[in-house]
Amino acid sequence: SQQGEEDPQALSIQEGENATMNCSYKTSINNLQWYRQNSGRGLVHLILIRSNEREKHSGRLRVTLDTSKKSSSLLITASRAADTASYFCATDAPFSSGSARQLTFGSGTQLTVLP
Amino acid sequence: DARVTQTPRHKVTEMGQEVTMRCQPILGHNTVFWYRQTMMQGLELLAYFRNRAPLDDSGMPKDRFSAEMPDATLATLKIQPSEPRDSAVYFCASGLVPIYGYTFGSGTRLTVV
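Anyway, here's the lowdown on the structure attached to this text. All values reported here derive from a predicted model rather than from experimental measurement.

So, about unusual backbone geometry. Of note, the amide linkage connecting Thr7 of chain B to Pro8 of chain B takes the cis form, showing an omega dihedral of -10°. Topologically, Pro8 of chain B is positioned in the loop between strand E1 (5–7) and strand E2 (10–13). Residues other than glycine seldom take positive phi values, yet Ala78 of chain A does so here, at roughly 45°. You can see Ala78 of chain A is positioned in the loop between strand E8 (71–76) and strand E9 (85–92).

What follows deals with the interface of chain B and chain A. How big an interface is tends to be reported as the loss of accessible area on association of its parts. The interface of chain B with chain A comprises 21 residues on the first partner and 18 residues on the second. Buried surface at the junction of chain B and chain A, summed over both partners, amounts to about 1600 Å²; 56% is from carbon and sulfur atoms. For the side of chain B that touches chain A, the secondary-structure elements that each account for two or more residues are strand E4 (31–38), strand E5 (42–50) and strand E6 (53–56) of chain B. At five residues, the largest contribution of residues to the side of chain B that touches chain A is made by E5 of chain B. Among the residues making up the side of chain B that touches chain A, the classes are represented as 11 nonpolar, eight polar and two charged.

Before going further, it helps to spend a moment on the pattern of salt bridges. By the definition in use, this model includes seven salt bridges over all chains. Of the charged contacts in the structure, one is a salt bridge between Glu53 of chain A and Lys56 of chain A, with a shortest N-O distance of 3.9 Å. Overall, Lys56 of chain A belongs to the partly exposed group, its relative accessible area being 28%. With a shortest N-O distance of 3.1 Å, Arg62 of chain A and Glu55 of chain A are connected by a salt bridge. A relative accessible area of 30% means that Arg62 of chain A is categorised as partly exposed. By relative accessible area, Glu55 of chain A is classed as partly exposed at 40%. When salt bridges that share partners are traced, they join Arg64, Glu83, Arg85 and Asp86 of chain B into one network.

One finds Met21, Trp34, Leu77 and Tyr90 of chain B to be the most contacted residues of the largest nonpolar core, which totals 22 residues. Going through the elements one at a time, strand E3 (19–24), E4, E5, strand E7 (65–71), strand E8 (74–79), strand E9 (88–95) and strand E11 (108–112) of chain B are the ones with two or more residues in this core. Leave out the neighbours within four places in its chain, and Met21 of chain B touches Thr7, Trp34, Ala75, Thr76, Leu77, Ile79, Tyr90, Thr108 and Leu110 of chain B. Formed by 21 residues, the second largest nonpolar core is a distinct cluster that contains Ile29, Trp34, Tyr87 and Leu111 of chain A.

Before going further, it helps to spend a moment on the packing of aromatic side chains. Centre-to-centre distance and the angle between the planes together describe a pair of aromatic rings. Across all of its chains, the model carries 10 aromatic pairs over all chains by this definition. Ring plane angle 75° and centroid distance 5.5 Å describe the contact between Tyr35 of chain A and Phe104 of chain B, whose orientation is recorded as edge-to-face. Here Phe104 of chain B lies in strand E10 (residues 103–104) and Tyr35 of chain A lies in strand E4 (residues 31–37), a pairing that spans two chains. The pair formed by Tyr35 of chain A and Phe104 of chain B is uniform in burial state, with each residue classed as buried.

Quick look at the sheet that holds E3 of chain B now. Residues and elements named next belong to chain B. Spatially, four strands are ordered E1-E3-E8-E7 in an open sheet, and the strand pairing comes out antiparallel. The sheet terminates laterally at E1 and E7, the two strands that pair on one side only. Across this sheet, the average inter-strand angle for adjacent strands is 20°, counted without regard to direction. Examined bridge by bridge, E3 and E8 share five bridges and lie antiparallel to one another. Bridge pairing links Val19 to Ile79 in E8.

Right, let's get into the sheet that holds strand E7 (residues 61–66) of chain A. Residue and element names in this part refer to chain A. With antiparallel pairing, five strands are arranged side by side in an open sheet as E1-E3-E8-E7-E6. Each edge of the open sheet is held by one strand with a lone partner, namely strand E1 (5–7) and strand E6 (55–58). Direction aside, the axes of adjacent strands within the sheet are offset by 20° on average. Two strands pair when backbone bridges link them, and E6 and E7 are joined in this way by four bridges, in the antiparallel orientation. Each residue of the ladder has a partner; that of Glu55, found in E7, is Thr64.

Rules used throughout
- Residues numbered from 1 in each chain as written.
- Chains lettered and ligands numbered in written order.
- Predicted model: local features only at pLDDT ≥ 70, side-chain atom pairs only at ≥ 80, totals over all residues.
- Heavy atoms only, no water.
- Helix = DSSP H or I, 4+ residues; strand = E, 2+ residues; numbered from the N terminus.
- Contact = heavy atoms within 4.5 Å.
- Buried area = accessible area lost by both parts, 1.4 Å probe.
- Nonpolar A, V, L, I, M, F, W, Y, C, P; charged D, E, K, R; others polar.
- Salt bridge = Lys/Arg side-chain N within 4 Å of Asp/Glu carboxyl O.
- Buried < 20%, exposed > 50% of the residue type's maximum accessible area, 1.4 Å probe, protein only.
- Core = buried A, V, L, I, M, F, W, Y, C linked by side-chain atoms within 4.5 Å.
- Phe/Tyr/Trp six-rings, centres within 6.5 Å; stacked < 30°, edge-to-face > 60°.
- Pairing = 2+ DSSP bridges.
- Axes fitted to C-alpha atoms, helices over the stretch in contact; angles between N-to-C directions.

Here it is, written out as structure tokens:
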């Protein structure tokens, strides 16, 4: 079963708007990562936030992590048509935590940015 | 930029045939994953190696799948015999633990007819 679940499953916005995607997970984690996948391509690592961090920025990306709620959000500001892709959160769970797997992916959010 | 190289990019095979997929991780990375991606199941972890030792392959159907790292420059995923339900895109990813994120290959698109 998947550790993370993204919300919404699909998001369509106009170029220049902000896009927010959410991820919830179930077990304790070492860190949480966000990846992007363009259609027919491999996944590209975007940003990693550690369990002791609450917010992180990278260019137009802002990630937050709330370990008490077991949730994270990815904000893309000033979106562009080139941001159109699927976005996945992935949780890196301690290997000793029983059934929790290393780097388990959620089901993804399909983002469409309209020009 | 350093890349994870997967071969072949595409593979069409008949049911019952053996399929071998190869992955060249980034030099110096100590962790390798194999994932399978389908529309229905999303990304499923099949196998996980740290310093070439298998740490977790519980997501892999053991009766037909096997994963190995014969050396630090090569990881293989083998399916024998293949079945139509194995049709998917298979990704390899490598990284360095403590990790800063993983690098994925472009995948092998497998079609079993």
